[in-house]
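# Observations on chain architecture
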Amino acid sequence: MKSRSESDPIQRAIAEYLSRDLPYKLSSHDVFITCGCTQAIDVSVAILARGGANILLPRPGFPIYELCAAFRQVEVRHYDLLLEKGWEVDLDSVKALADHNTVALVIINPGNPCGNVYSYNHLEKIAETAKQIGTIVIADEVYGHLAFGSNPFVPMGVFGVIVPVITLGSLSKRWIVPGWRLGWFVTTDPSGTFKNPKVVERIRKYFDLLGGPATFIQAAVPRILNQTEESFFKKTIDDLRLNSDICFKEIEEIPCMFCPHKPEGSMTMIVKLNLLLLEDINDDIDFCFKLAKEESVIILPGTTVGLKDWLRITFAADPSALVEGLKRVKVFCQRHAKKWLKQC
């Protein structure tokens, strides 16, 4: 097995790729390779786990964090994302929830499931808040650079001088290769907090126990990161922007559904479900089950991401399939509409 003192081309390539957007340079020794971002999430929770530990997670958020925390016996404390502020972090909630056992504050940017993208100023406030409560930030940036609204993507590592940051990412979203299962866990920490020998040793030993991605995929990474043409990224952004517009427009025509904020990033959006306008639908889970059975359309119930009676919609699809799927949703909602609404 190759030791961490030897520099692997894939680790160098990822360090150089991420350093392009940072005010400092990462080393290959800051980079650890994972089987997709899901494994990176699990590792980030596992290495911080200890007796009495708690972790601050966003609501709505990505449910894998809760599963990993439960498995590691780490208490989950949810802070809210503020709908009225475009799903920004409720920093007052973060301060109220944190205590001396808080091991990390997790942020997801660009956002899943809300499709939001945090501004530079808001990210700076998050960093300052994390420093104030004495914890680190785990920055889930699996949708990094997939921003098509008013806010450009800014990596949380930019603020690593304020607070230590663990950056999680993968090839799957920006390069549209989800089945490749190649991700990274990176210590974006120019102040050297993670350079503590005990911390470094714990991270290294943990990764020594894990299996990595397929070697032929690892071998392709340097070329992928360095030689992908800008036109490929531009097309992806243009496609996501178009699909976001399609979703937002189609949903406006469905009376029982409301999207409070048009997505500005990632591949997902979250929609409020008005059950008062529907018959024979008990909640968001019931809605999604019946929709799948009657129209063969799969939408994730908001309960799974922390918001009851909301829906999470993924718009990473061919535009024609997206239009067809949303028309089926509209037909389904018309079929289950209250009688008085059908007569309008």
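The name recorded for the protein in an unreviewed UniProt entry is Aminotransferase class I/classII large domain-containing protein, from Arachis hypogaea. We quote the UniProt Sequence similarities (unreviewed entry) comment for the protein here in full: "Belongs to the class-I pyridoxal-phosphate-dependent aminotransferase family." As recorded by UniProt, the Cofactor (unreviewed entry) comment attached to the protein reads in full: "pyridoxal 5'-phosphate".

Let us now look at the overall build of the protein. Of regular secondary structure, the protein possesses eleven helices and twelve strands. For the protein, the C-alpha atoms occupy an extent of roughly 70 × 45 × 35 Å along the three principal directions. For the protein, the proportion of its 344 residues judged to be buried stands at 54%. At a minimum sequence separation of 6, the contacts of the protein that also span at least 24 residues come to 71%. Summed over all atoms, the accessible surface of the protein reaches about 15,900 Å², with 55% contributed by carbon and sulfur. Separation of charge centres in the protein, based on 39 positive and 40 negative side chains, amounts to 2 Å.

With that settled, the discussion passes to helix α6 (residues 197–208). Here α6 contains twelve residues, and its C-alpha end-to-end distance of 16 Å stays within 8% of the 16 Å for a straight helix at 1.5 Å per residue. If you check which residues of α6 are buried, you get V200, I203, Y206 and F207. Considered in projection along α6, the buried side chains sweep an arc of 135° and stay on one side of the axis. What points out from α6, more than 90 degrees from its buried face, is the exposed set P197, K198 and K205.

The subject of this paragraph is the state of the cysteines. Enumeration according to the criterion identifies zero disulfides in this entry. Considering cysteine sulfurs only, C37 is the nearest to C35, which forms no disulfide, with 12 Å between them. Here C68 stays free of any disulfide, with the sulfur of C37 as its closest cysteine sulfur at 10 Å.

Below, the discussion takes up the packing of aromatic side chains. Applying the stated criterion across every chain yields a total of eleven aromatic pairs. Where Y17 meets W184, the ring centres are 6.3 Å apart and the plane angle is 70°; that geometry is what we call edge-to-face. Residue Y17 is found in helix α1 (residues 9–19), and its partner W184 is found in strand β8 (residues 183–188); the two are separated by 167 residues along the sequence. Take Y17 and W184: they sit in the same class, and that class is buried. Their ring planes at 25° and their centres at 4.7 Å tell us that F32 and F207 sit as a pair that is stacked. One end of the pair, F32, is in strand β1 (residues 31–34); the other, F207, is in helix α6, and 175 residues separate them in sequence. Like F32, the residue F207 is buried in the burial classification.

Below, the discussion takes up the sheet that holds strand β9 (residues 257–258). If you walk across this open sheet you meet the four strands as β9-β10-β12-β11, and the pairing is antiparallel. Here the strands that pair on one side only, and so sit at the sheet edges, are β9 and β11 (300–301). With two bridges joining them, β9 and strand β10 (residues 268–273) adopt antiparallel strand pairing. Bridge assignment links M257 to a residue of β10, and that residue is L273. Sheet strands in contact with helix α8 (residues 230–252) are β9, β10 and β12 (310–314), and its direction is about 10° off that of β10.

Moving on, we come to unusual backbone geometry. Going from N109 to P110, the amide bond is cis rather than trans, its omega being -5°. Inspection of the secondary structure assignment puts P110 in the loop between β5 (102–108) and α5 (120–133). Of note in this structure, I176 is not a glycine but carries a positive phi near 55°. Position of I176 relative to the elements: it lies in the loop between β7 (165–170) and β8. Judged by its relative accessible area of 44%, I176 is partly exposed. One non-glycine residue, D309, lies in the positive phi region at around 65°. Checked against the element boundaries, D309 lands in the loop between β11 and β12. The exposure class assigned to D309 is buried, which follows from its relative accessible area of 15%.

Analysis parameters
- Residues numbered from 1 in each chain as written.
- Predicted model: local features only at pLDDT ≥ 70, side-chain atom pairs only at ≥ 80, totals over all residues.
- Heavy atoms only, no water.
- UniProt positions renumbered as here; feature names shortened; annotations may be inferred.
- Helix = DSSP H or I, 4+ residues; strand = E, 2+ residues; numbered from the N terminus.
- Buried < 20%, exposed > 50% of the residue type's maximum accessible area, 1.4 Å probe, protein only.
- Contact = heavy atoms within 4.5 Å.
- Areas by Shrake-Rupley, 256 points an atom, 1.4 Å probe, with all protein chains shown as cover.
- Lys, Arg positive; Asp, Glu negative; His and termini not counted.
- Charge placed at Lys NZ, Arg CZ, Asp CG, Glu CD.
- Expected span 1.5 Å × (residues − 1).
- Arc of directions from axis to C-beta.
- Disulfide = S-S within 2.5 Å.
- Phe/Tyr/Trp six-rings, centres within 6.5 Å; stacked < 30°, edge-to-face > 60°.
- Pairing = 2+ DSSP bridges.
- Axes fitted to C-alpha atoms, helices over the stretch in contact; angles between N-to-C directions.

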